[in-house]
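# Descriptive analysis of the structure
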Amino acid sequence: METAEEQLIGPLLLARGTIDRSSALRADERWLERAWSDPATRVLVIDNGHTLVRRSGDDVQAVLFTAQDAPPGQRYLLGVEDGVAYFAVAAPLPGVSKGDVNGRLTVPMSLRDTPEGEPVPAGLRQAGGLLGDRDAGLLVYAVALEAWHSTHEFCPRCGARTEVSAGGHIRVCPKDASQHFPRVDPAVIMLIRDADDRCLLARGPQWPEGRLSILAGFVEPGESLEAAVVREVAEEVGIAVANPRYLGSQPWPFPRSLMLGFFAEAVTTTLVPDRDEIAEARWYSRQELTAALESGELRLPPPVSIARRLIETWYGGELVGDW
């Protein structure tokens with residue numbers, strides 16, 4: 001059932017990046033201070049998963065500040081490229097007011113429609129697929145670090161407030177000296193095909209009708225990735241699958257997942273959805289999927305997601321109809 005095209009899943013839009021993460025420099029406090037004082041250093045400001053971007057024609061770039069112009073906030077070293085150090089600072093976005101009483105930002109639905117050259121706030125879902133390789137990598141990295149720091153301020157052993165170290169990559173407890181590192185939660189996401197080469201799509205109960213994707217779930221302790229694929233499919237839709245084949249991975253920092261993409265073959269096809277997790281599930285041939293997308297009956301995950309890439313890899317080309 002496997003084809004040559006299935007060896008390639010790219011491009012995975014959140015799995016890009018060009019900078020050297022420079023892990024050996026994180027513990028060098030003197031180097032960090034020199035780098036921060038360097039006029040060439042550039043800083044990405046991150047606020048609850050959002051940064052400033054600006055459009056130039058069809059291109060979108062992250063707005064990067066000098067260290068002198070960046071607002072005060074917690075610093076994270078992102079890395080070095082061509083002798084230039086890149087940091088993230090967790091702080092309110094300069095020149096942007098909160099959009100409502102809950103302190104949330106007003107984010108444009110489409111960056112294509114924003115005034116050219118005007119800085120606007122955007123998150124990975126809006127900008128991740130439009131940014132170049134360097135800026136996409138910087139933003140994914142900064143979003144993941146900010147999310148981890150915001151939920152790990154206190155030591156899990158003694159409850160003391162931890163201190164940031166190693167350029168933002170370790171939190172240290174001042175009472176018991178324990179070190180705590182950023183977490184990554186592995187999750188499998190799998191496109192299931194049957195013997196007729198139909199694709200299984202499903203919808204969670206929290207999603208509106210017509211919004212479908214492939215199955216996914218977190219890897220449990222002591223479990224292999226392949227076993228997680230088999231278990232999750234059985235739990236969610238009640239079918240047996242075999243031959244999980246790994247195709248690629250992509251960070252998904254909402255807040256800290258790493259999505260590991262698989263294809264697998266259905267051994268049984270009668271769907272029995274777990275109603276707590278799956279509102280509906282059905283098999284689609286390529287012709288049925290095309291018709292449903294053209295009619296507007298069905299919408300797929302956006303191109304920034306690994307789910308969309310797995311579906312398009314099975315389909316054999318690009319599809320329309322984003323969420």
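Data block above holds the structure.
One structure accompanies this document, and this report is about it.

Attention now goes to the pattern of salt bridges. All chains considered together, the criterion is met by 19 salt bridges. With its nearest N and O atoms 3.0 Å apart, the salt bridge here joins Arg-16 to Asp-133. Of this pair, Arg-16 sits in the segment before helix 1 (29–37) while Asp-133 sits in helix 3 (residues 133–151), and the two are 117 residues apart along the sequence. Look at Arg-16 and you get partly exposed, because its relative accessible area is 21%. With a closest N to O distance of 2.8 Å, Asp-135 and Arg-134 form a salt bridge. Residues participating in the shared-partner salt-bridge network are Glu-220, Glu-223, Arg-231, Glu-232 and Glu-235.

A complete count under the given rule lists 4 aromatic pairs for this structure. With a centroid separation of 5.2 Å and 85° between ring planes, the pair formed by Trp-36 and Phe-87 is classed as edge-to-face. Note that Trp-36 is positioned in helix 1 and Phe-87 in strand 5 (residues 84–90), a separation of 51 residues in sequence. The burial state of Trp-36 is the same as that of Phe-87; both residues are buried. Relative to Phe-262, the ring of Tyr-246 lies with its centre 5.7 Å away and its plane at 65°, an arrangement referred to as edge-to-face. Highlighted residues: Tyr-246 in strand 13 (residues 241–252) and Phe-262 in strand 14 (residues 257–266), separated in sequence by 16 residues. Residue Tyr-246 is classed as partly exposed on the basis of its relative accessible area of 45%. On the basis of relative accessibility, which here comes to 1%, the residue Phe-262 falls in the buried class. Seen from the ring of Trp-36, Arg-75 lies directly overhead, with NZ or CZ sitting 4.0 Å from the centre. One Lys or Arg, Arg-282, reaches over the ring of Tyr-284 and ends 4.0 Å from the middle of that ring.

What counts and how
Residues numbered from 1 in each chain as written. Predicted model: local features only at pLDDT ≥ 70, side-chain atom pairs only at ≥ 80, totals over all residues. Heavy atoms only, no water. Salt bridge = Lys/Arg side-chain N within 4 Å of Asp/Glu carboxyl O. Helix = DSSP H or I, 4+ residues; strand = E, 2+ residues; numbered from the N terminus. Buried < 20%, exposed > 50% of the residue type's maximum accessible area, 1.4 Å probe, protein only. Phe/Tyr/Trp six-rings, centres within 6.5 Å; stacked < 30°, edge-to-face > 60°. Lys NZ or Arg CZ within 6 Å of the ring centre and 35° of its normal.

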